[in-house]
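# What the coordinates show
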Amino acid sequence: MSSALCRCAREYHEPSGLGVLSMMKNCALLVITFAMLAFCPLGHAQGQEPTLDSTIAVVRANMQADRTTFVTTIMNFSDKDGAAFWPIYQQYEYERSKLDDHRAAVIKQYAQKYPNLTDAEAKAMADQMLDCESHLAALKKKYYKKFNKVLPALTVTKFFQLDRRIDLMMDMQVESSLPPLTQAQYTLPVSSGAEPPQQ
């Protein structure tokens, strides 16, 4: 994957007119594709299925390590912008990791209780996940303002777009390890004799 990152960085530094935006998009797509491919064989070596705990741990560790590489390569900060960005980014990642810890705990709880999940437990978990999402949105707004104080708005917007794409990759990997929704067993409430409305 590092050779792909290096190639993207070289292409970015050697633009040829109108193709700069296209090259940046292609480089981002290439880096993200390589990252996704790197996670696909997760835990399938030696014919073993990964546990949810190990999948979440490995994905988070890999993404935290690779996130800095992605940001460095794709953002291509000047020295001045980099000096302004990285201290704030470290604070952002620290606060974010606490939210991610809580979200991971809810996902593990869901996977463990899934076969016998009660309606009340499902509601509580859904409420917790919605809380996680709203806290993450609030955190991003908070840091969007902080970044905008020291960086151009276009740079900040580009960073949060990249950050979202990395989040999506992580989510896809974790979601692929959860029980599929089609396996859910629902007990329909006992009918009170009323017929469903005809369409």
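About the cut-offs
- Residues numbered from 1 in each chain as written.
- Predicted model: local features only at pLDDT ≥ 70, side-chain atom pairs only at ≥ 80, totals over all residues.
- Heavy atoms only, no water.
- Helix = DSSP H or I, 4+ residues; strand = E, 2+ residues; numbered from the N terminus.
- Buried < 20%, exposed > 50% of the residue type's maximum accessible area, 1.4 Å probe, protein only.
- Contact = heavy atoms within 4.5 Å.
- Phe/Tyr/Trp six-rings, centres within 6.5 Å; stacked < 30°, edge-to-face > 60°.
- Axes fitted to C-alpha atoms, helices over the stretch in contact; angles between N-to-C directions.
- Parallel < 35°, antiparallel > 145°, perpendicular 65-115°, else oblique.
- Nonpolar A, V, L, I, M, F, W, Y, C, P; charged D, E, K, R; others polar.
- Salt bridge = Lys/Arg side-chain N within 4 Å of Asp/Glu carboxyl O.
- pLDDT = per-residue confidence, 0-100.
- Core = buried A, V, L, I, M, F, W, Y, C linked by side-chain atoms within 4.5 Å.

Next up on the list: the overall build of the protein chain. Each helix and strand in the protein chain was counted, giving 6 helices and 0 strands. What you see in the protein chain, going N to C, is helices and strands ordered as α-α-α-α-α-α. With 199 residues in all, the protein chain has 31% of them scored as buried. Within the protein chain, contacts between residues at least 6 apart in sequence are counted, and of these 71% link residues at least 24 apart.

One pass over the full model with this rule turns up 17 aromatic pairs. Here the aromatic rings of Tyr92 and Phe159 are separated by 6.2 Å at their centres, their planes lie at 80°, and the arrangement is edge-to-face. Here the residue Tyr92 occupies a position in helix α4 (residues 79–113), and Phe159 occupies one in helix α6 (residues 153–175), the gap between them amounting to 67 residues. Looking at Tyr92, the relative accessible area reads 0%, which means it is buried. Here the aromatic rings of Tyr92 and Phe160 are separated by 6.0 Å at their centres, their planes lie at 75°, and the arrangement is edge-to-face. On the criterion of sequence distance, the pair formed by Tyr92 in helix α4 and Phe160 in helix α6 is long-range, its members being 68 residues apart. Side by side, Tyr92 and Phe160 carry an identical accessibility label, which is buried. One aromatic cluster is present, formed by Phe77, Phe85, Trp86, Tyr89, Tyr92, Tyr143, Tyr144, Phe147, Phe159 and Phe160 through successive ring pairs.

Packing of α4 against helix α5 (residues 119–150) brings their axes to within 10 Å, and their N-to-C directions diverge by 175°. By the angle between their axes, α4 is roughly antiparallel relative to α5. Considering only residue class, the contact of α4 with α5 consists of 17 nonpolar, 5 polar and 8 charged.

Attention now moves to the pattern of salt bridges. Side-chain pairs of opposite charge can arise where the charged atoms are in close proximity. All chains considered together, the criterion is met by 10 salt bridges. Glu121 is the salt-bridge partner of Lys113, the closest N and O atoms lying 3.2 Å from each other. The exposure class assigned to Lys113 is partly exposed, which follows from its relative accessible area of 33%. For Glu121, a relative accessible area of 24% translates into the label partly exposed. Asp163 is the partner of Lys140 in a salt bridge, and the nearest nitrogen-oxygen pair spans 3.5 Å. Linking Lys140 in helix α5 with Asp163 in helix α6, this pair joins segments that are 23 residues apart in sequence. Judged by its relative accessible area of 17%, Lys140 is buried. Since its relative accessible area comes to 1%, Asp163 is described here as buried. Here the salt bridges share partners, and the residues they tie into one network are Arg67, Arg96, Asp100, Lys140, Asp163 and Asp167.

So, on to unusual backbone geometry. Of note in the backbone geometry, Asn76 takes a positive phi value of approximately 50° without being a glycine. By the element assignment, Asn76 lies in the loop between α3 (52–75) and α4.

As for its placement among the helices and strands, Ile166 is situated in helix α6. You can call Ile166 buried: its relative accessible area is 0%. Sequence separation of Ile166 and Arg67 is 99 residues, and the distance between their C-alpha atoms is 7.3 Å.

A few words on the confidence of the model for the protein chain. Summarising the model, the protein chain shows a mean pLDDT of 74, and 61% of its residues fall at 70 or more. Element-level mean pLDDT values for the protein chain span from 46 in helix α1 (residues 2–13) up to 94 in α5. This stretch, residues 1–20, has a pLDDT under 50; its non-local contacts, to residues over four places away or in other chains, come to 27 contacts.

Next up on the list: the nonpolar core. In this structure, Val71, Phe85, Phe147 and Phe159 are the most contacted members of the largest nonpolar core, which totals 20 residues. For this core, the elements supplying multiple residues, two or more each, are α3, α4, α5 and α6. Top contributing element to this core by residue count: α6, with 6 residues. Apart from the residues lying within four places of it in its own chain, the contact partners of Phe85 are Val71, Phe77, Phe147, Leu151 and Phe159. The next biggest cluster of nonpolar side chains, apart from the first, holds 8 residues, and it includes Val106, Ile107, Met125 and Val174.

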